[in-house]
Amino acid sequence: MGWNRFIKENGLHMSWIVAVVAMLGSLFFSEILNYLPCKLCWYQRILMYPLAIILGIAAVRKDTKQFIYVLPLSIWGMGISLYHILMQKTSWFKEAATTCGPVPCDVDYINWLGFITIPVLAFMAFTLITIIQLALWSAVRKG
C-alpha cells in the first residue's frame, strides 16, 4: 500500500482520533482534575471541539476535501497554542499572562519532563491534525 493510498484511507480517521483525544483530555483536566482553564485555553477549546465533530462527520462520509474547513481551525489553534507556550515558558509575554483573566495564562497545571504543559499538548494536537490534513490534501491532488 502506497503512502497516498494509506493517507486517503486513514487520514480522516487519524485526524479525528487526535481531535477526540485532545477534546477528552481537556475535559479530563477541567472536569475530573478541576483545573480551571485560562482564557487562551478556552480559545484553544473553541477551535478543537468543532474539529472533533467536523472530522468525525468527514470520516463517516469519506469526505477528503474537508481540509478546506479543518486547516483554518487547526492552523489558528497552532498559533494560539504557540503564543500560550511562549507566555508560559519565556519572559517575552509575561506581563500579558497575569492580565489574561481570572486564571493567569502562565499557570502550569502540569509540567511533564520539564516542558510538556497543557498548551504544549494542544499545540501537538493542532500540529498533528494540520500535518495529516496537508498530507491528505496533497494525496487528493495527486489523484
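Caption draft 1: The arrangement of the pattern of salt bridges in detail. As enumerated under the stated definition, the model contains two salt bridges in all. Ionic pairing is found between Arg5 and Glu9, a salt bridge with its closest N-O pair at 3.0 Å. A residue pair is termed a helical-turn pair when its members lie 3 or 4 positions apart in one helix, as Arg5 and Glu9 do in helix H1 (residues 3-32) at four residues. Residue Asp108 pairs with Lys89 through a salt bridge whose shortest N-O separation is 3.7 Å. Residue Asp108 is found in the loop between helix H4 (94-98) and helix H5 (118-142), and its partner Lys89 is found in helix H3 (residues 67-89); the two are separated by 19 residues along the sequence. Judged by its relative accessible area of 32%, Asp108 falls in the partly exposed class.

Caption draft 2: Quick peek at the packing of aromatic side chains. In the structure shown here, the tally under the stated rule is five aromatic pairs. Between Phe29 and Tyr35, the ring centres sit 5.9 Å apart and the planes meet at 20°, which makes this aromatic pair stacked. Judged by relative accessible area, Phe29 falls into the buried class, the value being 12%. Feature note: the residues Phe28, Phe29, Tyr35 and Tyr109 constitute an aromatic cluster, connected by ring pairs. Lying across the ring of Trp42, Arg45 places its NZ or CZ 5.0 Å from the centre. For the cation-ring pair, Arg141 lies above Trp137, with the distance from its terminal atom to the ring centre recorded as 5.9 Å.

Caption draft 3: Main features of the side chain of Ser30. With respect to the secondary-structure elements, Ser30 resides in helix H1. Sequence-distant contacts of Ser30, that is, excluding residues within four places in its chain, are made with Tyr35, Pro37 and Arg45.

Calculation rules
- Counting restarts for each chain: residues are numbered from 1 in the order of the written sequence.
- Where local features are concerned, this predicted model is filtered to residues with pLDDT of at least 70; where side-chain atom pairs are given and counted, the filter is 80 or more; whole-chain, interface and lining totals use all residues.
- Derived side-chain values reflect all non-hydrogen atoms in the structure, with water molecules and hydrogen atoms excluded from consideration.
- What counts as a salt bridge is simple: a side-chain nitrogen of Lys or Arg found within 4 Å of a carboxyl oxygen of Asp or Glu.
- Secondary structure elements are defined from DSSP: runs of H or I of at least 4 residues count as helices, runs of E of at least 2 residues count as strands, and each element is numbered from the N terminus.
- Accessibility here uses a 1.4 Å probe with only protein chains present; expressed as a share of the type maximum, an area under 20% marks a residue as buried, one over 50% as exposed, and anything in between as partly exposed.
- Here is the rule: rings of Phe, Tyr and Trp (six-membered ring for Trp) pair when centre to centre is within 6.5 Å. Planes less than 30 degrees apart are stacked, more than 60 are edge-to-face, and the remainder are tilted.
- Here, a charge over a ring means that NZ of Lys or CZ of Arg falls within 6 Å of the ring centre while also lying within 35 degrees of the ring normal.
- Whether two residues are in contact is decided by their heavy atoms, any of which lying within 4.5 Å being enough.

This is a description of form; function is not addressed.
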